[in-house]
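An overview of the molecular structure
Spelled out from the first residue to the last, the chains are:
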Amino acid sequence: MKNIGGMHKSGFIEHMEPFNDLTMWFDENGIDSAKLIVNSSSFRSSEAMESNHGRHRILMVSDFFYPNFGGVENHIYLLSQCLLKLNHKVVVMTHAYANRSGVRYMTNGLKVYYVPWKPFLMQNTLPTFYGTLPIVRTILIREKISLVHGHQAFSTLCHEALMHARTMGYKVLFTDHSLYGFADIGSIHMNKVLQFTLADVSQAICVSHTSKENTVLRSGLPPEKVFVIPNAVDTTMFKPAPQRLVMDPIVIVVISRLVYRKGADLLVEVIPEICRLYPNVRFIIGGDGPKRVRLEEMREKHSLQDRVDMLGAVPHAKVRSVLNCGHIFLNSSLTEAFCIAILEAASCGLLTVSTCVGGVPEVLPDDMIVLAKPDPSDMVHAIKKAIKILPRIDPQEMHLRIKGMYSWQDVAKRTEIVYNRALKCPNQSLLERLSRYLTCGAWAGKLFCLVMIVDYILWRLLQVWQPDMEVEVVPDIKVSRSKHVTEDHSST
Amino acid sequence: MVNPPVISNARLTYLHDEDKFLPLQAVDTHHIVSQRSILKPIVIYLFVTLLVVHAVFLHFKKGKPVITVYWSLLFGAFLIKLLIWRPIVKESVIIMPAFGVQLETHYGSGKISRSFIPVSEILKPVLNECVTPLTCFWCLSLLVRDEEQLTLVFKKFRPPLKMLVPIWKALCAATDCKESSELFQEDG
């Protein structure tokens, strides 16, 4: 674990106007700034909330964040942006990506800590149980965090950070983005870890009612603690094409990762059948993955090279232009907690055909989607139905309806309500919390208690070695947009 | 001339002297000195002396092998190195406006290493948050022309922000950088 001494230029924070505030802050306080640091770093969650009049200071933790693109990553980013607009302070913590490490600032002053723990498996940080305790503690104290919000059950950093935050007495929230099974060994292990984390969480959020049911069953969490806040879509970005597309040929778009979970095998059966039944139908397939080879083989076998376009991986910024080339969006996932892809497609005015799995039926109204069982013949039938009702669809009208139904500002307001509820939860002592862990299972309960006790002891030792008051609090930096360019030009 | 403030914490002290002897040009010197307590070395030396005396006593009176004395001397030296020895005594920044900046490191062995950066090479002094796998701290560095990496002003010490800010302000003034940004660049 080397100390980051000489750093690359790309690693520094962009130098901003804020440091005027910083120097003024120190000028005003002079040598007594030491005392100020002592006072401000001894804040705990409830005191912080009261003194800030309902303004929360949130730490979002996940292994999945920019520069990766995906459902969870976009959710965290867009939710954080909307919370910043509501005048809360948001800090994101994730692991380092390639050479992106250290502190970065994103739009509107969203501060991101890329902690230099390298991912070891599928974007997840190496789970060391207690290894992340020092850095999590440092970040929580220096940013005066009042609430920790973890995302995604599959993220080890999230579980560890939530555990440490609970040990230190902070209020903790968890959002689950995916559905998991119960039967295979991976799921059993994951569910046990989830049970541990959720045993002591203040509140939880799920993205659909199906997901809530799944989470409650997997973790044994009381349903009263779980809120359902569906995801949303950025309707300003996903707009239909200005000119309505001609109906011949009918273009069916598929954009997804080509993996088993997303039903790529179903596509291999469905596409040749549809191409046989309807000579005027074309397919556009965007995305990449292990199953791409099977789709290429299908193309070769049925000589569909001129009727099926494989685009490869589509960057998120280009998704809209690909969607605007089509009439129908096909989603063949085998499991989905909440499918943002079909929401993006509907926002672009496409009629959706999807497998009826997980939370998919909760996303769109019945007249915007045709559902089918995850079975090739049923899907072919659904696509036939969609092609028949296609002339009745008005893309602009669909877009306006989606705009009225989904917005990230709404998600942020609802999440704020959950934060307020979480902060009202009573503070609990270590013994009270340990009793909750004991209910997790005969052996597991005792093991979890042991893990938490060791964490508590390590925290106290860390406090002796580096007291809370030695951790410097970061002054609040207000980001101002640059108007200097135009002013300079006008003055010369 | 205002008497410059002395800021200190448990481990480090900040000292600032301005040399106004040269007319029209002031050489601005900032030192970060590692704290030296008086009581701690006395206690450690006393303990080590007692240990060595005890080992000698064991050797001559009780007939223990002479290797005991050697081990006690070695252990004593190790303790002194660990607890009292300061590998770096002082790190200084000497700012000569319109000329350059000199960075000095004074070692415990008496060695002094210096490096000079002309003012034309300095693009900007920056206060930077460094994140390590275990902690996060502020550091002051210089953006130097044609250098890929940031040049750290304090290579070994990690002074707190309250000590770094006056030095940063002085560097900004000397290198003629505006403290506010010219352009705000968005990441991502």
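The model shown is predicted, which means the values in this text are computed figures rather than measured ones.

Reading guide: rules and limits
For every chain, the first residue of the written sequence is number 1, and numbering continues from 1 onward in sequence order. Both sets of labels track the order of writing: A upward for chains, 1 upward for ligands. Local features in a predicted model are, by the rule used here, given only for residues with pLDDT of at least 70; side-chain atom pairs are given and counted only at 80 or more, and totals for whole chains, interfaces and linings are based on all residues. Think of the side-chain values as coming from all heavy atoms in the structure, minus any hydrogens and water. Secondary structure elements are taken from DSSP: a helix is a run of H or I of four residues or more, a strand is a run of E of two residues or more, and numbering for both begins at the N terminus. Burial classes follow relative accessibility: with a 1.4 Å probe on protein chains only, a residue under 20% of its type's maximum area counts as buried, one over 50% as exposed, and anything between as partly exposed. Any two residues having at least one pair of non-hydrogen atoms within 4.5 Å are treated as being in contact. Accessible areas in this description were obtained via Shrake-Rupley with a 1.4 Å probe; residue shielding takes into account the shown protein chains only. Whenever a nitrogen or oxygen atom comes within 3.5 Å of another N or O atom, the pair is scored as a polar contact, on the condition that within protein one atom can donate a hydrogen and the other can accept it, and that pairs from neighbouring residues in sequence are kept only if both atoms are in side chains. Within this document, salt bridges are pairs made up of a side-chain nitrogen of Lys or Arg and a carboxyl oxygen of Asp or Glu, the two lying within 4 Å of each other. We call two strands paired when DSSP finds no fewer than two bridges between them. Angles shown run from 0 to 180 degrees and are taken between the N-to-C directions of axes, each axis being a line fitted to C-alpha atoms and, for helices, limited to the stretch in contact. Only centres within 6.5 Å qualify two rings of Phe, Tyr or Trp (six-membered ring in Trp) as a pair; their planes then separate them into stacked at under 30 degrees, edge-to-face at over 60, and tilted for everything else. In our convention, an over-ring charge means Lys NZ or Arg CZ found within 6 Å of a ring centre and within 35 degrees of that ring's normal. For the domains described, the bounds stem from an automatic or database domain assignment. The labels follow the angle: roughly parallel below 35 degrees, roughly antiparallel above 145, roughly perpendicular from 65 to 115, and oblique for the rest. Helix crossings are classified by the rotation of the near helix relative to the far one: an anticlockwise turn of less than a right angle makes the crossing left-handed, while a clockwise turn makes it right-handed. We call Asp, Glu, Lys and Arg charged. Ala, Val, Leu, Ile, Met, Phe, Trp, Tyr, Cys and Pro are nonpolar, and the rest, Gly among them, are polar. Seen with its strands pointing away from the viewer, a crossover is right-handed if its path from the first strand over the helix to the second goes clockwise. Expected helix span is computed as 1.5 Å times (number of residues minus one). Working definition of a nonpolar core: buried Ala, Val, Leu, Ile, Met, Phe, Trp, Tyr and Cys residues. They are joined through side-chain atoms within 4.5 Å. In this analysis, a patch consists of residues with relative accessible area above 30% that form no salt bridge, clustered at 9 Å for like charges and at 5 Å for the nonpolar side chains Val, Leu, Ile, Met, Phe, Trp and Tyr. Counting rule for charge: Lys and Arg are taken as positive, Asp and Glu as negative, and neither His nor the chain ends is counted.

This part covers the overall build of chain B. A count of helical and extended segments in chain B gives 3 helices and 9 strands. Going from the N terminus to the C terminus, chain B shows its helices and strands as β-β-β-α-α-β-β-β-β-β-β-α. Split into buried and exposed, the 188 residues of chain B put 45% on the buried side. Long-range contacts, defined as pairs at least 24 residues apart, comprise 43% of the intrachain contacts of chain B with a sequence gap of at least 6. Accessible surface, chain B as shown: approximately 10800 Å² in total, 64% of it carbon and sulfur.

Glancing now at the environment of A:Ser332. Residues and elements named next belong to chain A. Along the chain, Ser-332 turns up in the loop between strand E14 (328-331) and helix H12 (340-347). The class for Ser-332 is buried, based on a relative accessible area of 3%. Each C-alpha atom, one on Ser-332 and one on Cys-356, is 9.0 Å from the other, the two residues being 24 residues apart in sequence. Among residues more than four places away in sequence, those in contact with Ser-332 are Lys-262, Gly-263, Leu-266, Leu-267, Thr-355 and Met-379. A polar contact of 3.2 Å, which involves the side chain of Ser-332, links it to the backbone oxygen of Lys-262. At a separation of 3.1 Å, a polar atom in the side chain of Ser-332 contacts the main-chain carbonyl oxygen of Gly-263.

Moving on, we come to the side chain of A:Arg218. Residues and elements named next belong to chain A. Of note, Arg-218 is situated in helix H8 (residues 209-219). Residue class for Arg-218 comes out buried when judged on its relative accessible area of 5%. Here Asn-191 takes part through its side chain, which lies 2.9 Å from a polar atom of the side chain of Arg-218. Apart from the residues lying within four places of it in its own chain, the contact partners of Arg-218 are Ala-153, Asp-176, Ser-178, Tyr-180, Phe-182, Asn-191 and Leu-194.

Moving on, we come to the pattern of salt bridges. Going through the model one piece at a time under the given rule, you end up with 21 salt bridges over all chains. Two residues, A:Glu296 and A:Arg299, come together in a salt bridge whose shortest N-O distance is 3.4 Å. Here A:Arg299 and A:Glu296 lie together in helix H10 (residues 292-301), a separation of 3 residues that amounts to about one turn. With a shortest N-O distance of 3.3 Å, B:Arg11 and A:Glu470 are connected by a salt bridge. Taken together, the residues span two chains, with B:Arg11 in the loop between strand E1 (7-8) and strand E2 (12-19) and A:Glu470 in the loop between helix H17 (442-465) and helix H18 (484-491).

Our next topic: the sheet that holds strand E16 (residues 369-372) of chain A. Residue and element names in this part refer to chain A. Strand order across the open sheet formed by 6 strands is E13-E12-E11-E14-E15-E16, with parallel pairing between neighbours. Edge strands, defined here as strands with exactly one partner in the open sheet, are strand E13 (308-312) and E16. In this sheet, adjacent strand axes meet at a mean angle of 20° when their direction is disregarded. Taken strand by strand, H10 contacts strand E12 (281-286) and E13, and its axis lies near 155° from that of E13. Along the sheet, H12 contacts E14, strand E15 (351-355) and E16; its crossing angle with E14, the most-contacted strand, is approximately 175°.

Another point: the packing of aromatic side chains. For the coordinates displayed, the defined rule picks out 8 aromatic pairs over all chains. Centre to centre, the rings of A:Tyr456 and A:Trp459 are 5.8 Å apart; their planes meet at 65°, and the pair counts as edge-to-face. A residue pair is termed a helical-turn pair when its members lie 3 or 4 positions apart in one helix, as A:Tyr456 and A:Trp459 do in helix H17 at 3 residues. Note on B:Phe99 and B:Phe116: the rings are 5.4 Å apart at their centroids and 45° apart in plane angle, and the pair reads as tilted. Here B:Phe99 is found in the loop between strand E4 (88-96) and strand E5 (100-107), whereas its partner B:Phe116 is found in strand E6 (residues 112-118), with 17 residues between them in sequence. Judged by its relative accessible area of 53%, B:Phe99 falls in the exposed class. The structure contains a cluster of three or more aromatic residues connected by ring pairs, namely A:Phe196, A:Tyr437 and A:Phe448. Looking at B:Lys111, its charged tip hangs above the ring of B:Tyr107, at a distance of 5.1 Å from the centre. One cation-aromatic arrangement involves B:Arg158 over B:Phe137; the distance from NZ or CZ to the ring centre is 3.9 Å.

Segmenting chain B into domains produces domain 1 (6-35 + 88-181) and domain 2 (39-84). For domain 1 of chain B versus domain 2 of chain B, the distance between C-alpha centres works out to 40 Å.

In this section: the packing of helix H16 (residues 430-438) of chain A against H17(A). A pair of packed helices can be characterised by two numbers: the angle between their axes and the separation between those axes. All names here are of chain A. Look at H16 against H17: their axes get within 8 Å of each other, and the N-to-C directions meet at 150°. When the interaxial angle is binned, H16 and H17 end up roughly antiparallel. Pair H16 / H17 crosses with right-handed handedness. Along its contact with H16, which presents Leu-430, Arg-433, Leu-434, Tyr-437 and Leu-438, the element H17 presents Gly-445, Lys-446, Phe-448, Cys-449, Met-452, Ile-453 and Tyr-456. Looking at the contact of H16 with H17 residue by residue, the class counts come to 9 nonpolar, 1 polar and 2 charged.

For the rest of this paragraph, the subject is the pairing of strand E1 (residues 57-61) of chain A. Residue and element names in this part refer to chain A. With 5 of its 5 residues buried, E1 lies for the most part within the structure. Residue alternation in E1 divides its side chains into two sets, Arg-57, Leu-59 and Val-61 and Ile-58 and Met-60, and both sets are buried. Pairing geometry for E1 and strand E2 (residues 89-95), over 5 bridges, is parallel. Bridge pairing in E2 places Leu-59 opposite Val-91. Handedness of the crossover joining E1 and E2 through helix H4 (residues 71-85) is recorded here as right-handed.

All names here are of chain B. For helix H3 (residues 161-174), spanning 14 residues, the distance from its first C-alpha to its last is 20 Å, which sits close to the expected 20 Å at 1.5 Å a residue. Counting buried residues in H3 gives 11 out of 14 residues, a clear majority hidden from the surface. One or two residues past the end of H3 sits Asp-176, with phi positive at roughly 65°.

Judged by nonpolar contacts, the single largest core of 97 residues is most densely connected at A:Phe65, A:Ile271 and A:Leu323. Excluding residues within four positions of it along the chain, A:Ile271 makes contact with A:Phe283, A:Ile285, A:Leu295, A:Met298, A:Leu304 and A:Val308.

Nonpolar side chains collect at one region of the surface, where A:Leu447, A:Leu450, A:Ile453, A:Val454, A:Ile457, A:Leu458 and A:Leu461 lie side by side and expose about 590 Å² of accessible area between them. Structurally, the position occupied by A:Leu447 is in helix H17.

Turning to the environment of A:Gln152, a few remarks are in order. Residues and elements named next belong to chain A. Structurally, the position occupied by Gln-152 is in the loop between strand E7 (147-151) and helix H6 (156-167). The sequence separation of Gln-152 and Thr-175 amounts to 23 residues, and the corresponding C-alpha distance is 6.2 Å. Ignoring any residue separated from it by four or fewer positions in sequence, one finds Gln-152 in contact with Ser-62, Phe-64, Val-72, Cys-158, Phe-174, Thr-175, Asp-176, His-177, Ser-178 and Tyr-180. A polar contact is formed between the side chain of Gln-152 and the side chain of Ser-178, at a distance of 3.2 Å.

Residues and elements named next belong to chain A. With respect to the helices and strands, Asp-63 occurs in the loop between E1 and H4. One buried charge, Asp-63, has no salt-bridge partner; the nearest side chain with opposite charge is Lys-118, at 12 Å. A polar contact of 3.1 Å, which involves the side chain of Asp-63, links it to the backbone nitrogen of Thr-156. A polar contact is formed between the side chain of Asp-63 and the backbone nitrogen of Leu-157, at a distance of 3.1 Å. Among residues more than four places away in sequence, those in contact with Asp-63 are Thr-94, His-95, Tyr-97, Gln-123, Asn-124, Thr-125, Ser-155, Thr-156 and Leu-157.

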